[in-house]
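Observations on chain architecture
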2 protein chains.
Amino acid sequence: MSCLEMNKTATKTKTLIDLPKKLPESLALTALVLASSKATISIPWRNWVIRGIFTWVMIFGFALMIYAGPLALMLVVLAVQVKCFAEIINIGYAVYKIHGLPWFRSLSWYFLITSNYFFYGESLVDYFGVVDNRTEFLRALVKYHRFISFSLYIGGFVWFVLSLVKRYYMKQFSLFAWTHVALLIVVTQSYLIIRNIFQGLIWFIVPVSMIVCNDVMAYMFGFFFGRTPLIKLSPKKTWEGFIGGGFATVVFGLMISYFLCQYPFFVCPIEFNEELGRMTLDCEPTPLYRPQEYSVPASLAPVVRMITGKNTVMIIPFLFHSLSMSVFSSVIGPFGGFFASGFKRAFKIKDFGDIIPGHGGIMDRFDCQYLMATFVNVYISSFIRMDSPQKLLQQIYSLKPELQLELFTALRDSLTARGILQLAAP
Amino acid sequence: MSCLEMNKTATKTKTLIDLPKKLPESLALTALVLASSKATISIPWRNWVIRGIFTWVMIFGFALMIYAGPLALMLVVLAVQVKCFAEIINIGYAVYKIHGLPWFRSLSWYFLITSNYFFYGESLVDYFGVVDNRTEFLRALVKYHRFISFSLYIGGFVWFVLSLVKRYYMKQFSLFAWTHVALLIVVTQSYLIIRNIFQGLIWFIVPVSMIVCNDVMAYMFGFFFGRTPLIKLSPKKTWEGFIGGGFATVVFGLMISYFLCQYPFFVCPIEFNEELGRMTLDCEPTPLYRPQEYSVPASLAPVVRMITGKNTVMIIPFLFHSLSMSVFSSVIGPFGGFFASGFKRAFKIKDFGDIIPGHGGIMDRFDCQYLMATFVNVYISSFIRMDSPQKLLQQIYSLKPELQLELFTALRDSLTARGILQLAAP
């Protein structure tokens, strides 16, 4: 459900024939073998098989990415972002028929590069600021990062104005707006995904897999029990799928969260180890990921005592956050899908692309992921807040020495007043 | 030049007749008296007079705003922003003919309120974070600010999806994009203006008056000496106006900067005084605004020695920054105007509105201001950086006590190692 569209049957055969151009050769071969061996199976079932196979291919690819580590993951996020941008922009080109429009392709891509330079740079400055100060050149890049990014953007802006041609004014401005909305959706949100990854892989894996689970399970529940239509925008979606998918997502979310909390690899924030010269995922997990004792409400106490023999229960606090995320991903998440399917209907297209057999374009699979990424980012900054002392120290060191001293004195006085610091300490 | 359009003659008479509805009564009366008394003057000259009068009305209003202090100024920035948004959105409504489109006006305004809540809140949290923690309710508003803003936004997003109606898909998505581009231009940039004001009124007055000066002087130079066309987009603009306006802006910028640097009222960052319970503009001005000794390059030394009798000159460092800003406002600034006039041509409108007689809408006068505001903001963060210890302390206090202690120790060791802190100090 949510992000899955069932009424794509008509385009499937075409997709199969197009395969060799669109996929790595080995995958294409598998698909071709399948396509020929299943030739006798009726079309809807063949779609099921193709779609199912590529769902597993994607899940396996996802696991492989995680295994490859955070740097590889960030590169994949970047690649997905570029592909999504290309898909959205290409629809714009088709809608406004850009034949003869001067410079437009180059300009869109220039803006994509500029905004990525800005956003990826902001992440890097925050996390590797101290490290990158090694050479004068890198130091300048870090210090003037915003100014450089802004100058690059202004370059594109001036270029756009100079490229304006009377006959095309309207189209040029529409595509300019289109490009900027695409940047807003794709670039800013993939920047948020990267920031979530830095907080620990668990903040990436749990929400992403929740959306996938909700997609798949809502589809299943809808397929077997679906009766009551949910929303006019997507006629195949049902209340049964919506509710069943929601429950499945909550249960799945708790299970995967519990599992991931056992491994430092998943819960440790990514930090740059200067000695090793690479990113590390090693730490003493914070209490957030370790079982804590909670006292239960009086009304439930007898039941709990019967089971555990105590008035308290041990729960990993992260599970509460997992609950919030799964509720968001199953209640609000689908609206990302509705929005995308409304958009596709508005511009009379079936899919954003045809790169994944049985699923459409990359954007068709990531529509809800972007909304979810923003939610997780806001959630972390509001409820988790893991301001690291390292980051703050770096900001302090950029102050003038006398201000550093002023801050130091104020901090010392405050810590002493609150009894955190004993003045006797050297 | 730049943001001024000369070819509006045709609409002027209409504007005059419309006046009583659009202006405060006193102004409208003046304009009407003028209109009747000058009835014998030829139309182009009447336009000059009307336009000139309202240029002075605006400059006088600007001075009055400054005098009224920072809080009033921020409210005016907010009012201007709302009016600009309304003008841009109304063009969208006219282009897509929204009769019968469900909920659209309400949705646009809802998004405007949401994004203002977010951005103005971010400013307030940064500057008054400590103060606002007085009551539990305000504390929660501050702590969960992002989460609340995001929830509000998501509310609008879900509302939009639910309001989608088959017949109008295309129009609804286009207006959704239009609203978001308008928010991007108007709300984010007026947030940057507010942040500039917080750094000191000088960072607001100098850039704003530079753009005004460049507008007026480029128009004057163009009018008297203009011969060589500059750009096809605005046929009345000439190289003579561009260059003359640029020089005038640089000279004017240095003069006004020198003047403003004399008064703490203009150069002090805005700070909230807890004892007085209001914002204050009082400080010991930093060296940035006071004359500093600069040694001159060897080649110029003899000339300088002849005039001052020394090998050094006294210059206020802010004047260098004033120079950068005036170069930007006269070279890149006009592109904001070109962009706006291209936009108006694309959608076949003369002006964004008709609220200011002889000038058009508010947006017609602020098109270049927004670009400039972003430049100044980026410039400050790259070259001035006035990270106040106060703000950093606040972030430190939000850490867990043991992390605060960890940070304290690291800071102490670093300060000692660099010889800034003598350990003997109590």
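Residues numbered from 1 in each chain as written. Chains lettered and ligands numbered in written order. Predicted model: local features only at pLDDT ≥ 70, side-chain atom pairs only at ≥ 80, totals over all residues. Heavy atoms only, no water.

Chain A goes by Phosphatidate cytidylyltransferase in an unreviewed UniProt entry, where it is assigned to Daphnia longispina. Under Sequence similarities (unreviewed entry), UniProt gives the following word-for-word description of chain A: "Belongs to the CDS family." (UniProt positions renumbered as here; feature names shortened; annotations may be inferred.)

What follows is about the interface of chain A and chain B. Contacts between chain A and chain B engage 67 residues on the former and 68 residues on the latter. For the pairing of chain A and chain B, the buried interface totals around 6,600 Å² over both sides, and the portion due to carbon and sulfur atoms is 81%. One can count zero salt bridges joining chain A with chain B. Counting every contact that joins chain A to chain B gives four residue pairs in polar contact (both at pLDDT 80 or more). Taken together, the elements giving at least two residues each to the side of chain A that touches chain B come down to α7 (145-163), α8 (169-198), α14 (333-346), α15 (362-384), α16 (389-397) and α17 (401-417) of chain A. Considering every element that reaches the side of chain A that touches chain B, the biggest residue donor is α17(A), with twelve residues. (Contact = heavy atoms within 4.5 Å. Buried area = accessible area lost by both parts, 1.4 Å probe. Salt bridge = Lys/Arg side-chain N within 4 Å of Asp/Glu carboxyl O. Polar contact = N/O pair within 3.5 Å; in protein donor to acceptor, adjacent residues only side chain to side chain. Helix = DSSP H or I, 4+ residues; strand = E, 2+ residues; numbered from the N terminus.)

A few words now on the UniProt feature "transmembrane region" (unreviewed entry) in chain A. Residues and elements named next belong to chain A. Those residues carrying the UniProt feature "transmembrane region" (unreviewed entry) are residues 48-67, 107-124, 144-163, 175-194, 200-226, 238-260 and 315-340 in this numbering. A distance of 32 Å separates the end C-alpha atoms of residues 238-260, which is 96% helix and 0% strand. The distance separating the terminal C-alpha atoms of residues 315-340 is 38 Å; by composition the span is 85% helix and 4% strand.

Moving on, we come to the state of the cysteines. All names here are of chain B. Throughout the structure, instances matching the rule amount to two disulfides over all chains. Paired by a disulfide, Cys268 and Cys283 hold their sulfur atoms 1.9 Å apart. With the S-S dihedral at roughly -90°, the linkage between Cys268 and Cys283 falls on the left-handed side. Highlighted residues: Cys268 in the loop between α11 (264-267) and β1 (271-273) and Cys283 in the loop between β2 (278-280) and β3 (292-295), separated in sequence by 15 residues. Cys268 sits in the buried class, given a relative accessible area of 0%. (Disulfide = S-S within 2.5 Å. Buried < 20%, exposed > 50% of the residue type's maximum accessible area, 1.4 Å probe, protein only.)

In screw terms, the move from chain A to chain B is a rotation of 180° and a rise of 0.0 Å along the axis, fitting with an RMSD of 0.1 Å. The operation mapping one copy onto its partner corresponds to a two-fold rotation axis. Of all interface residues in chain A, 100% are interface residues in chain B too; the two copies therefore contact each other through one and the same surface. (Least-squares fit on C-alpha atoms with pLDDT ≥ 70 in both.)

If you look at the biggest cluster of nonpolar residues, it comprises 188 residues, and the most contacted ones within it are A:Trp203, A:Phe204, B:Trp203 and B:Phe204. Grouped together as the second largest cluster of nonpolar side chains are 18 residues, A:Leu399, A:Leu411, A:Leu421 and B:Leu421 included. (Core = buried A, V, L, I, M, F, W, Y, C linked by side-chain atoms within 4.5 Å.)

On to helix α8 (residues 169-198) of chain B, then. Structurally, the α-helix is built with 3.6 residues per turn, so residues lying three or four positions apart point the same way. Residues and elements named next belong to chain B. Between the first and last C-alpha of α8 there are 43 Å, a value that for 30 residues agrees with the 44 Å anticipated at 1.5 Å per step. At Leu183, α8 shows its largest bend, some 30°. Backbone geometry just after α8 places Gly200 at a positive phi near 135°. (Expected span 1.5 Å × (residues − 1). Bend = angle between axes of the 7 residues up to and from the residue.)

On to the pattern of salt bridges. All names here are of chain B. By the definition in use, this model includes eight salt bridges over all chains. One salt bridge in this structure joins Glu87 and Lys83, with 3.7 Å as the shortest N-O distance. Of this pair, Glu87 and Lys83 both sit in helix α4 (residues 70-96), four residues apart, which is roughly one turn of that helix. Residue classification places Glu87 among the buried positions, given a relative accessible area of 3%. With a relative accessible area of 30%, Lys83 lands in the partly exposed category. A salt bridge links Glu284 to Arg290; its shortest N-O distance comes to 3.0 Å. Since its relative accessible area comes to 62%, Glu284 is described here as exposed. Taking relative accessible area as the criterion, Arg290 reaches 33% and is therefore assigned partly exposed.

Residue and element names in this part refer to chain B. α8 packs onto helix α7 (residues 145-163) with a crossing angle of 160° between their chain directions and a minimal axis gap of 11 Å. Taken together, the axes of α7 and α8 lie roughly antiparallel to each other. You can see that α7 and α8 cross each other, and the crossing is right-handed. Together, Tyr153, Phe157, Phe160 and Ser163 of α7 and Gln172, Phe173, Phe176 and His180 of α8 make up the contact between the two elements. Here the contact of α7 with α8 is composed, by residue class, of five nonpolar, three polar and no charged. (Axes fitted to C-alpha atoms, helices over the stretch in contact; angles between N-to-C directions. Parallel < 35°, antiparallel > 145°, perpendicular 65-115°, else oblique. Left-handed = near helix turned anticlockwise from the far one by under 90°. Nonpolar A, V, L, I, M, F, W, Y, C, P; charged D, E, K, R; others polar.)

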